[in-house]
Amino acid sequence: MNRVIFHIDVNSAFLSWEAVYRLKHLSGNLDLRLVPSAVGGDVTMRHGIILAKSIPAKKYGIHTGQSVTEALQKCPGLLLVPPNYNLYQRSSQSFIRILKEYSPTVEQYSIDEAYMDMTGMEALFGEPRKAALEIGRRIREELGFTVNIGIADNKVLAKMASDFKKPDRVHTLWTGEIQEKLWPLPVSELFFVGRATFRKLSQLGIKTIKDLAETDPGLIKSHFGKMGEVIWCFANGLDFSAVEPVPPPNKGYGNSTTIAFDVADKEHAHLVLLSLAETLAARLRSDNVRAGVLSVGIKDWDFHYYSHQTILSSPTNITEEIFQSACQVFDEAWDKQPVRHLGIHTTRITKGSDRQLGLFDTGDYEKQQRLDETVDEIRKRFGNDSIIRASFLTSPQNTTARCLDHMGGGISREKRTVDYSRQTIL
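Within each chain, residues carry numbers counting from 1 in the order of the written sequence. Since the coordinates come from a predicted model, pLDDT governs what is reported: local features require at least 70, and pairs of side-chain atoms require 80 or more to be given and counted, while whole-chain, interface and lining totals use all residues. Note: side-chain values were computed over all heavy atoms of the structure, leaving out hydrogens and water.

Under an unreviewed UniProt entry, the name given to the protein is DNA polymerase IV, and the organism recorded is Lacrimispora defluvii. UniProt positions are given in the numbering used here, feature names are shortened, and annotations may be inferred rather than shown by experiment. UniProt, in its Subcellular location (unreviewed entry) section for the protein, records the words "Cytoplasm".

What follows is the structure, encoded as structure tokens:
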């Protein structure tokens, strides 16, 4: 039986979800999707980038990842709205629920994308295009936003198909159609081909996906290694990966934050690392895993990035151990230039809670573990702010604490929800 794979991609997800919420729940009259508009971060917190834009905004050269300042220069009348990740999460869950009514095998690829294995579902929902149109109609009528759906016999072709003309479209890209529909496209549009790869391919004279597909795979591998094999296979429509409804275990856990001010001393940097360690260690404990390798990433005021790592004496998920190790690594690596961004990243993840004690270990790790787990439980029941380390309590002298979230990194507090009473709803 031939495989039938769908890739569903929400059109301008963050902006669409915000538009629908304003129209349906806030009695708004303006559809953000129909005017030059964008979801953008807070410039004052140095999170000022475009996260999503409307199709009319795209005509002004505005793109995702662009600075808000640059976007406003290109389109002074751009309507900016703040991010609201709680809304995005609820909207994402709603559209995934609809997909699961059509297939038991749904893989959520990101907050606004999913794969479905529709193989053998023709008897229930008709031929693939008919089923896709039905899914798109239900999402549009029940949830208020639109999706693109790509149909193919493997995941990579389905994803490429969903990127064809938007919005609210269904496209096919079967293996037999790749020469007509896929090969004429610029190679920059191929999945997994980023800017650096595109530049190297251009230097090799490879301009289109067809050029890549017809190039000797050995030559591609000699320039790009294992990734060269992957993109050559993708260009030829080859992908044997399965739709995985259960995500594989994390190979690493990380947490980072852009600080609202340049950090110029070790004490303040350590406070930022403590806020990151709080959140990171809680995630490790929640998944019942421990980390054996820790690295700290540093971006200075001039956007220069560097990192340093250490192998931990024993895999851990204890907040204090992660914090102390991160401080040690930071102190060894920091070049004394003011810091605008800090991150803690962990790898060599092991499952379980048993700890291998060293011959000279003197710490009461069971006590620390119980303390962390008690704090986790309190925060789970009463909220993250129900228990806060004294280091983060605000005072006239502690100006840094007032600018830091005591559980930093990830989705910053101001992006998790929006106070619409302070917003002008048009």
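### Considerations on the UniProt feature "binding site: Mg(2+)" (unreviewed entry) in the protein
Residues given the UniProt feature "binding site: Mg(2+)" (unreviewed entry) here are Asp9 and Asp112. These annotated residues cover 104 residues of sequence, and their C-alpha atoms all fall within 6.0 Å of one another, placing them together at a single site. The subset of the named residues that lines the largest pocket consists of Asp9 and Asp112. Numbering of helices and strands runs from the N terminus, with a helix taken as a DSSP run of H or I at least four residues long and a strand as a DSSP run of E at least two residues long. With respect to the helices and strands, the residue Asp9 is situated in strand 1 (residues 5-10). Points on a 1 Å grid, built from protein atoms alone, make a cavity when a 1.4 Å probe fits but cannot get out and make a pocket when they are open with protein on both sides within 12 Å along at least 5 of 7 lines; residues with an atom within 4 Å of a point are the lining residues.

### Let's talk about the nonpolar core
Among buried residues, those of type Ala, Val, Leu, Ile, Met, Phe, Trp, Tyr and Cys that are joined through side-chain atoms within 4.5 Å constitute a nonpolar core. We call a residue buried when its accessible area falls under 20% of the maximum for its residue type, exposed when it is over 50%, and partly exposed in between, using a 1.4 Å probe and counting protein chains only. Ranked by size, the top nonpolar core spans 38 residues in total, and within it Phe6 and Leu99 carry the most contacts. If you list the elements that add at least two residues to this core, you get strand 1, helix 1 (13-25), strand 3 (50-53), helix 4 (85-99), strand 6 (113-117), helix 6 (128-143) and strand 7 (147-152). Considering every element that reaches this core, the biggest residue donor is helix 4, with seven residues. Residues contacting Leu99, with those up to four places away along its chain left out, are Ile8, Val106, Ala114, Met116, Ile135 and Ile139. Core analysis: the next-biggest nonpolar cluster, separate from the first, contains 32 residues, Ala269, Leu280, Ala291 and Leu312 among them. Note on contacts: a residue pair qualifies if any of its non-hydrogen atoms lie within 4.5 Å across the two residues.

### A few points about the pairing of strand 2 (residues 37-40)
Along strand 2, one buried face is formed by Ser37 and Val39 and the opposite face, lined by Ala38 and Gly40, is buried too. Examined bridge by bridge, strand 2 and strand 4 (residues 79-81) share three bridges and lie parallel to one another. Each bridged residue has a counterpart across the sheet, and for Ser37 the counterpart in strand 4 is Leu79. Strand direction decides the pairing type here: strand 2 and strand 3, joined by three bridges, are antiparallel. Note that in strand 3 the partner of Ala38 across the bridge is Lys53. Pairing between strands is defined by DSSP: at least two bridges between the two strands are required.

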